[in-house]
Amino acid sequence: MTPELEQYILDHISPEPEQLRRLYRHTHLHRLYPRMCSGHLQGRMLKMLTAMIAPRRVIELGTYTGYSALCIAEALAGDAELHTVEINDEWADDIRATFDESPFGDRITLHIGDALALIPEIGGQWDMAYIDANKRNYIEYLEALLPRMVPGGFIIADNTLWDGKVADTASSHDAQTLGVAAFNDYVARHPRLETVILPIRDGLTLLRVLPS
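Residues numbered from 1 in each chain as written. Predicted model: local features only at pLDDT ≥ 70, side-chain atom pairs only at ≥ 80, totals over all residues. Heavy atoms only, no water.

Caption draft 1: Local environment of the nonpolar core. If you look at the biggest cluster of nonpolar residues, it comprises 26 residues, and the most contacted ones within it are I72, L82, F99, I108 and I156. Among the secondary structure elements, those contributing two or more residues to this core are α2 (18-30), α3 (39-53), α4 (67-74), α5 (92-101), β3 (108-112), β4 (126-131) and β7 (204-209). It is α4 that provides the largest number of residues to this core, a total of six residues. By size, the runner-up hydrophobic cluster in this structure holds 24 residues, among which are L61, I131, M149 and L193. (Core = buried A, V, L, I, M, F, W, Y, C linked by side-chain atoms within 4.5 Å. Buried < 20%, exposed > 50% of the residue type's maximum accessible area, 1.4 Å probe, protein only. Helix = DSSP H or I, 4+ residues; strand = E, 2+ residues; numbered from the N terminus.)

Below you can see the structure in the form of structure tokens.
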């Protein structure tokens, strides 16, 4: 993907909402690892996928600055709800302020803590899940979510190409790379999952949960 082609794509998709544009800029100015922020193309993709799935209950693992949560919430209908989980409690006030600023913020409930502990605590079933937290734990997140996903529900996992490192794990000892690669192998052969990887940004995997 050349910079010119990437810019062409951005020029020919739905525009980035103003609040999200400001949030993306703020993230790059005030957060470490700003690449973790979804950005224009992936954000519009998340909104589109959410609108297509039409979920009633969504869970997101890994809020960061709230960009992806706002994109998902933007596409929710009626009384549908999004629960988003962030482990870093130092960001809680900023995230809540961001959600309060949005016309879609009342659709979002922020939970602060470890996702593996909070998934059973929040309870209920999910029509859609978005995984974008600690890459070392992707398989554990999946296993915690699967019993709570409705048949036909969707799980979306971010960063599943991991800068292309997943294609050469023999020369990598990085725990995050190995975690993502293990997740990719696991879902590819999982009997309850229909799987496709989209080569968007750092890789976006779509998983459809089949009946048990």
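Caption draft 2: The pairing of β4, seen in detail. Counting buried positions along β4 yields six of six residues, so the element is predominantly enclosed. The pairing of β4 with strand β5 (residues 149-158) spans five bridges and is parallel. Each residue of the ladder has a partner; that of I131, found in β5, is A157. What joins β4 to β5 is helix α7 (residues 138-145), and the crossover it makes is right-handed. (Pairing = 2+ DSSP bridges. Right-handed = clockwise from strand over helix to strand, strands pointing away.)

Caption draft 3: Seen up close, the sheet that holds strand β6 (residues 193-198). Sheet architecture is open: seven strands sit in the order β3-β2-β1-β4-β5-β7-β6, paired in mixed fashion. The open sheet has two edge strands, β3 and β6, and neither has a second partner. On average, adjacent strands in this sheet sit at an angle of 15 degrees to one another, irrespective of strand direction. Here α3 sits on the sheet and contacts β4, β5 and β7; the angle it forms with β4, its principal contact strand, is near 165 degrees. Of the strands in this sheet, β1 (57-61), β2 (81-86), β3 and β4 touch helix α6 (residues 115-122), which is tilted by about 165 degrees from β1. (Axes fitted to C-alpha atoms, helices over the stretch in contact; angles between N-to-C directions. Contact = heavy atoms within 4.5 Å.)

Caption draft 4: Just the packing of aromatic side chains, in detail. Throughout the structure, instances matching the rule amount to four aromatic pairs. Pairing Y24 with Y67 gives two aromatic rings, centres 6.2 Å apart and planes at 65 degrees, and the pair type is edge-to-face. Pair noted here: Y24 is in helix α2 and Y67 is in helix α4, with a separation of 43 residues, a long-range link. According to the relative accessible area criterion, Y24 is partly exposed, its value standing at 29%. Overall, Y67 belongs to the buried group, its relative accessible area being 2%. With centroids separated by 5.2 Å and ring planes inclined at 80 degrees, the aromatic side chains of Y138 and F183 adopt a geometry described as edge-to-face. You can see Y138 sitting in helix α7 and its partner F183 sitting in helix α8 (residues 175-188), a full 45 residues away along the chain. Here the two residues Y138 and F183 agree in accessibility, since each one is buried. Counting every residue linked through ring pairs, the aromatic cluster contains Y138, Y141 and F183. Its guanidinium or amino end placed over the ring of W126, R57 lies 4.0 Å from that ring's centre, counting from NZ or CZ. (Phe/Tyr/Trp six-rings, centres within 6.5 Å; stacked < 30°, edge-to-face > 60°. Lys NZ or Arg CZ within 6 Å of the ring centre and 35° of its normal.)

Caption draft 5: Quick peek at the packing of α3 against α4. The geometry of α3 relative to α4 is characterised by a closest axis approach of 7 Å and an angle of 35 degrees between their N-to-C directions. Note that α3 runs across α4; the crossing there is right-handed. Taking contact as the criterion, the partners of G39, H40, G43, R44, L46, K47 and T50 in α3 are, on α4, Y67, S68, C71, I72 and E74. The residue makeup of the contact of α3 with α4, split by class, is four nonpolar, five polar and three charged. (Left-handed = near helix turned anticlockwise from the far one by under 90°. Nonpolar A, V, L, I, M, F, W, Y, C, P; charged D, E, K, R; others polar.)

Caption draft 6: Main features of the environment of F99. Tracing the backbone through its elements, the reader meets F99 in helix α5. The contacts of F99, once residues within four sequence positions are left out, are T63, G66, A69, L70, T84, G105, I108 and L110.

Caption draft 7: How the structure looks around α6. The set of residues buried in α6 consists of A115, L118, I119 and I122. For α6, the angular spread of the buried residues around the axis is 110 degrees, confining them to a single face. Elements in contact with the buried residues of α6: β1, β2, β3, β4 and α7. You can read the cap of α6 off the contacts: a side-chain oxygen lies 3.1 Å from the backbone nitrogen of L116, and it is on D114. Just downstream of α6 lies G123, where phi reads positive at about 75 degrees. (Arc of directions from axis to C-beta. Polar contact = N/O pair within 3.5 Å; in protein donor to acceptor, adjacent residues only side chain to side chain.)

Caption draft 8: Summary view of the pattern of salt bridges. Applying the stated criterion across every chain yields a total of 11 salt bridges. Notably, a salt bridge pairs R44 with E74, separated by 2.9 Å at the nearest N-O pair. A residue pair is termed long-range when its members are at least 10 positions apart, and R44 in helix α3 and E74 in helix α4 qualify at 30 residues. Relative accessible area serves as the criterion here: at 11%, R44 is assigned to the buried category. Sharing partners across several salt bridges, the network here consists of E18, R21, R22 and E101. (Salt bridge = Lys/Arg side-chain N within 4 Å of Asp/Glu carboxyl O.)

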